Amino acid sequence: DAFSEGAADYLLWQRAFRTLTALADAHGLSWRPACGPDCEVDDSDRLVTHAAGAWTGPDTVTEHFDPDVGLIAWSVAMDGRLNHLYPLDATTARKQRAVLQQQHSSIQQPGSMLVNPDTQTLDNPVECP
């Protein structure tokens, strides 16, 4: 979730990544995301969870969305921890949204990707609306 070159470059990368993975899937190529030590890939290889660290705000779920790219990730702040969930395909996104809706009373949908200007990483709103 680090956008060292800024959010616009990250969104460009996201579009290219999705194009590449869709092309690989369409041709039956097997692939698995490689992640750093603070990330975990689920058993289906289609959901990446990034442990972003401690969280001092309220428990919330925020959906990061871009009008051109679509769903980017969810930020789940719960029990003093912040995790970002990155679905790698549409089927996983639908399944994960259903899980989040069952587990949480509401999902904040600001209609954009929230980025912390100091760290250039995904951010969660400080207050629930």
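In what follows, the structure referred to is the one given above.
Student: Before we move on, can you summarise the nonpolar core with the specific residues and values?
Tutor: In terms of nonpolar packing, the biggest core is built from 13 residues, with Y10, L11, I72, Y86 and M113 touching the most fellow members. Secondary structure elements with two or more residues in this core: α1 (7-26) and β4 (70-78). Of all the elements, α1 adds the most residues to this core, at three residues. In terms of nonpolar packing, the next biggest core, distinct from the first, is built from nine residues, L47, W74, L85 and A93 among them.

Student: Any chance you could break down the pattern of salt bridges for me, citing the residues and the numbers?
Tutor: What the rule picks out here adds up to four salt bridges. The salt bridge partner of D45 is R32, with a shortest N-O separation of 2.8 Å. One end of the pair, D45, is in the loop between β1 (39-41) and β2 (47-54); the other, R32, is in the loop between α1 and β1, with 13 residues separating them in the sequence.

Student: Which residues make up the pairing of β4, and what values do they have?
Tutor: Judged by how many residues are buried, β4 sits mostly within the fold: eight of nine residues are covered. Once strand β3 (residues 60-66) ends, the chain turns through three residues before running back antiparallel as β4. Examined bridge by bridge, β4 and strand β5 (residues 81-87) share five bridges and lie antiparallel to one another. Each bridged residue has a counterpart across the sheet, and for S75 the counterpart in β5 is H84.

Student: Go over the sheet that holds β1 with me, naming the residues and quoting the values.
Tutor: Read across the sheet, five strands follow the order β1-β2-β5-β4-β3 without closing on themselves; strand pairing throughout is antiparallel. With one partner strand each, in any of the chains shown, β1 and β3 form the two edges of the open sheet. Direction aside, neighbouring strands of the sheet carry axes that sit 20° apart on average. Seen against the sheet, α1 touches β3, β4 and β5 and runs at an angle of roughly 110° to β4. Sheet strands touched by helix α2 (residues 90-103): β2, β3, β4 and β5. Its angle to β4, the strand with the most contacts, is close to 30°.

Student: So, α2: which residues are in play, and what are the values?
Tutor: Since there are 3.6 residues in each turn of an α-helix, residues three or four apart along the chain are aligned in direction. Here α2 is 14 residues long and its end C-alpha atoms lie 20 Å apart, about the 20 Å a rise of 1.5 Å per residue gives. At the N-terminal boundary of α2, the capping side chain belongs to D89, with an oxygen 3.3 Å from the backbone nitrogen of T91.

Student: Please provide a residue-by-residue account of the side chain of R46, values included.
Tutor: Structurally, R46 is set in the loop between β1 and β2. Note on R46: relative accessible area 15%, which makes it buried. Those residues in contact with R46 that lie beyond four places of it in its chain are D25, W31, Y86, P87, L88, D89 and T92.

The rules behind these values
- Residues numbered from 1 in each chain as written.
- Predicted model: local features only at pLDDT ≥ 70, side-chain atom pairs only at ≥ 80, totals over all residues.
- Heavy atoms only, no water.
- Core = buried A, V, L, I, M, F, W, Y, C linked by side-chain atoms within 4.5 Å.
- Buried < 20%, exposed > 50% of the residue type's maximum accessible area, 1.4 Å probe, protein only.
- Helix = DSSP H or I, 4+ residues; strand = E, 2+ residues; numbered from the N terminus.
- Salt bridge = Lys/Arg side-chain N within 4 Å of Asp/Glu carboxyl O.
- Pairing = 2+ DSSP bridges.
- Axes fitted to C-alpha atoms, helices over the stretch in contact; angles between N-to-C directions.
- Contact = heavy atoms within 4.5 Å.
- Expected span 1.5 Å × (residues − 1).
- Polar contact = N/O pair within 3.5 Å; in protein donor to acceptor, adjacent residues only side chain to side chain.

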